[in-house]
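# A structural walkthrough
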There are 2 protein chains.
Amino acid sequence: MNKNQLVAAIRERKNYLCVGLDTDVNKLPKHLKNEKDGVVHFNKAIIDATKDFCVSYKINTAFYESRGLQGWKEMEETLQYIPDTHFTIADAKRGDIGNTSAQYAKTFFETLPFDSVTVAPYMGEDSIRPFLEYENKMTIVLGLTSNKGAQDFEMQKIGQEHLYEKVLKIVSGWGSPDNLMFVVGATQATELSNIRNIIPNHFLLVPGVGAQGGSLSEVSKYGKNEEIGLLINSSRGIIYADSSESFADVAAQEAKKLQEEMALYI
Amino acid sequence: MNKNQLVAAIRERKNYLCVGLDTDVNKLPKHLKNEKDGVVHFNKAIIDATKDFCVSYKINTAFYESRGLQGWKEMEETLQYIPDTHFTIADAKRGDIGNTSAQYAKTFFETLPFDSVTVAPYMGEDSIRPFLEYENKMTIVLGLTSNKGAQDFEMQKIGQEHLYEKVLKIVSGWGSPDNLMFVVGATQATELSNIRNIIPNHFLLVPGVGAQGGSLSEVSKYGKNEEIGLLINSSRGIIYADSSESFADVAAQEAKKLQEEMALYI
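Residues numbered from 1 in each chain as written. Chains lettered and ligands numbered in written order. Predicted model: local features only at pLDDT ≥ 70, side-chain atom pairs only at ≥ 80, totals over all residues.

### As for the overall build of chain A
Assigned secondary structure in chain A consists of twelve helices and ten strands. Rg of the C-alpha trace for chain A: 18 Å, near the compact-globule value of 18 Å for 266 residues, within the 12% margin. The principal-axis extents of the C-alpha atoms in chain A amount to approximately 55 × 45 × 35 Å. Burial analysis of chain A (266 residues in total) assigns 58% to the buried set. Considering only intrachain contacts with a sequence separation of at least 6, the fraction spanning at least 24 residues in chain A is 71%. (Helix = DSSP H or I, 4+ residues; strand = E, 2+ residues; numbered from the N terminus. Rg over C-alpha atoms; globule rule 2.2 N^0.38 Å. Buried ≥ 20, exposed ≤ 12 C-beta atoms within 10 Å, placed from the backbone. Contact = placed C-beta atoms within 7 Å.)

As structure tokens, then:
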């Protein structure tokens, strides 16, 4: 799915919700914890239950890598199960010198055919360029993140601007809104109108509605553009909303709540 | 292997060479290219041939991930084959919010029991802290990298300092020279004495002697401290020095040349 198809899906299904599959084997419902394919079983149930209320799924690669070969197999199976009607994100935060970033781009655009991947900006243009060379794929660069550590470097002042503003300005020149998106932390919603001045046309991936604490109405108000231009992620607030055998039904209810609120803002 | 054991190995074997296993299946010698376990076969031959001339091996995870499950299996097998006498580095450049970084730390310190892992600083303290919590492991944070893109953000001025200097100053306060190392690009050797003023006691991992263009004598002169405090990496200059059936012998010769030059500087 490319950017135009994502915009169409948002308009048709009246939401811009991304469900984050940060599936931690230790947090599985008891009846799945000791099952051999518990993680895949869990993810499939979450996808079946939430797909009518979201337009995207984000796989946090760390939770799969930490289980080695078994985890990578689960990541593959989960990605295969996500329907073509949904925009897929590898939340991998990779980035290295050019020839190495080319290998990461191959990993997440070919070997695992995601629609997009998150990338760290620290090492500059040649670390991001190999991702942008893929047609019909989106590269999602970290701008301002939602964690406390954002204060340490992202919020440092370079002249009149914060580092993250410099990142948005400079990186947005390396691609177009068709192949480039930015991560913008929802807990900093007051910064969103300023961010929209810098990058009016790019999609923003907003983590942190829910467990990380952002407000959906504020993010929608200040972050929306003419194409909507938002993907709002919720991970723990949906997938771990309930830990009984009814976890998927409760996840569906949580996703539906967010979808219905988003419909009001579209 | 922890930091004190690394220092002892450097003194005993009279070198601070790290051999980078950025093994690209397309660059294997012809006779290995179509072999099922060609990458592992190649890595084992390189390790056997070079282990007397180096103290460390660095596995660039991108080159393994890009081949999916097969690649992760090859990474596991390669890591297992590296002798205990050598310091192992996962060159993975990870970093995310705390609960996710904890999963990455688990990946590279437990599931794949490396001695150290490279980490990106952009997201700040809580993205690095989970790695530092492991005893007898080293976290290697990106300071100044050797690529052209280092100019884009790392070299931006924050007040009187470059961003990378700020990173070295702030991050060095989060750990000690026993659990924290920094990546410092060799092509910027003139910056090394300045860097040594900021972090006199930390180990520096210097990529880019060889294909990335740094000078070994200059890096050694300006980068060395009382514990030596240097690991200098060479990847392509050693592992792809020859593409015939004699590749391992030629790799050994290249590593030996570097070892002998390093012995002069210790």
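### Considering the relation of the copies chain A and chain B
Mapping chain A onto chain B leaves a residual RMSD of 0.0 Å; the transformation is a rotation of 180° accompanied by 0.0 Å of translation along its axis. These values place the two chain copies in the arrangement generated by a two-fold rotation axis. Among all C-alpha atoms of chain A, that of Ile158(A) lies closest to the rotation axis, at 2.4 Å. The share of interface residues of chain A whose copies in chain B are also at the interface is 100%, consistent with both copies meeting through the same surface. (Least-squares fit on C-alpha atoms with pLDDT ≥ 70 in both.)

### Quick word on the interface of chain A and chain B
Counting from both sides, the interface comprises 48 residues of chain A and, opposite them, 48 residues of chain B. Those elements that place two or more of their residues in the side of chain A that touches chain B are helix H4 (62-65), helix H5 (68-81), strand S3 (87-94), helix H6 (98-111), helix H7 (125-132), strand S6 (157-158) and helix H8 (163-172) of chain A. It is H6(A) that contributes the most residues to the side of chain A that touches chain B, seven residues altogether. The residue makeup of the side of chain A that touches chain B, split by class, is 18 nonpolar, 16 polar and 14 charged. (Nonpolar A, V, L, I, M, F, W, Y, C, P; charged D, E, K, R; others polar.)

### Here's the deal with the pairing of strand S1 (residues 17-21) of chain A
Buried residues dominate S1(A), accounting for five of its five residues. Burial along S1(A) is two-sided: the residues Leu17(A), Val19(A) and Leu21(A) and Cys18(A) and Gly20(A) are all buried.

### Considering the environment of Ser243(A)
Residue and element names in this part refer to chain A. Counting through the fold element by element, Ser243 comes out in the loop between helix H11 (236-239) and helix H12 (247-265). For Ser243, a count of 15 C-beta atoms within 10 Å gives the class partly exposed. Considered as a pair, Ser243 and Glu35 are 208 residues apart in the sequence and their alpha carbons are 15 Å apart.

### Digging into the nonpolar core
Counting 172 residues, the largest nonpolar core has Leu17(A), Ile140(A), Ile232(A), Leu17(B), Ile140(B) and Ile232(B) as its most contacted members. Those residues in contact with Leu17(B), other than ones at most four positions away along the chain, are Phe53(B), Cys54(B), Val55(B), Ile232(B), Ser234(B), Ala255(B), Leu258(B), Gln259(B) and Met262(B). (Core = buried A, V, L, I, M, F, W, Y, C linked by C-beta atoms within 7 Å.)

### Quick notes on the sheet that holds S3(A)
All names here are of chain A. Spatial ordering of the closed barrel is given by S1-S2-S3-S4-S5-S8-S9-S10, a layout of eight strands whose pairing is parallel. Recorded for the sheet is a direction-independent mean angle of 30° between the axes of neighbouring strands. With three bridges joining them, strand S9 (residues 203-206) and strand S10 (residues 230-234) adopt parallel strand pairing. Counted as the bridge partner of Val206 is Ile232 from S10. Strands S9 and S10 of the sheet are contacted by helix H10 (residues 216-223), whose axis makes an angle of about 160° with S10. On top of the sheet, H12 reaches S1 and S10; it is set at about 155° to S1, its chief contact. (Pairing = 2+ DSSP bridges. Axes fitted to C-alpha atoms, helices over the stretch in contact; angles between N-to-C directions.)

### Looking at the sheet that holds strand S8 (residues 180-184) of chain B
Sheets are built from strands that pair by backbone hydrogen bonding, the pairs being arranged parallel or antiparallel. All names here are of chain B. Strands sit in the order S1-S2-S3-S4-S5-S8-S9-S10 around a closed barrel of eight strands; the barrel is parallel. Sheet twist, expressed as the average angle between the axes of neighbouring strands with direction ignored, equals 30°. Here strand S3 (residues 87-94) runs beside strand S4 (residues 116-119); their pairing, made up of three bridges, is parallel. In the strand pairing of S4, Ile89 is matched with Ser116. In this fold helix H12 (residues 247-265) packs onto strand S1 (17-21) and strand S10 (230-234), with an angle of close to 155° to the strand it touches most, S1.

### Points about the confidence of the model for chain A
Overall, the prediction assigns chain A a mean pLDDT of 95, with 97% of residues at 70 or greater. The ipTM for the predicted assembly is 0.96, set against a pTM of 0.97. (pLDDT = per-residue confidence, 0-100.)

### Topic: the environment of Lys148(B)
Residue and element names in this part refer to chain B. The residue Lys148 is located in the loop between strand S5 (138-144) and strand S6 (157-158) in this model. With 15 C-beta atoms packed within 10 Å, Lys148 lands in the partly exposed category. Separated by 92 residues in the primary sequence, Lys148 and Tyr240 place their C-alpha atoms 23 Å from one another.

### Here's the deal with the packing of helix H3 (residues 38-50) of chain A against H12(A)
All names here are of chain A. At their nearest, the axes of H3 and H12 sit 8 Å apart, and the two run at 40° to each other. It follows from the interaxial angle that H3 and H12 lie oblique. In the packing of H3 onto H12, the handedness of the crossing is right-handed. Only Ala248, Asp249, Ala251, Ala252 and Ala255 of H12 make contact with H3, whose side of the interface consists of Ala45, Ile46, Asp48, Ala49 and Thr50. (Parallel < 35°, antiparallel > 145°, perpendicular 65-115°, else oblique. Left-handed = near helix turned anticlockwise from the far one by under 90°.)

### Quick look at the environment of Thr23(A)
Structurally, the position occupied by Thr23(A) is in the loop between S1 and helix H2 (30-33). Considering only alpha carbons, one finds Thr23(A) and Ile59(A), 36 residues apart in sequence, at a separation of 8.4 Å.

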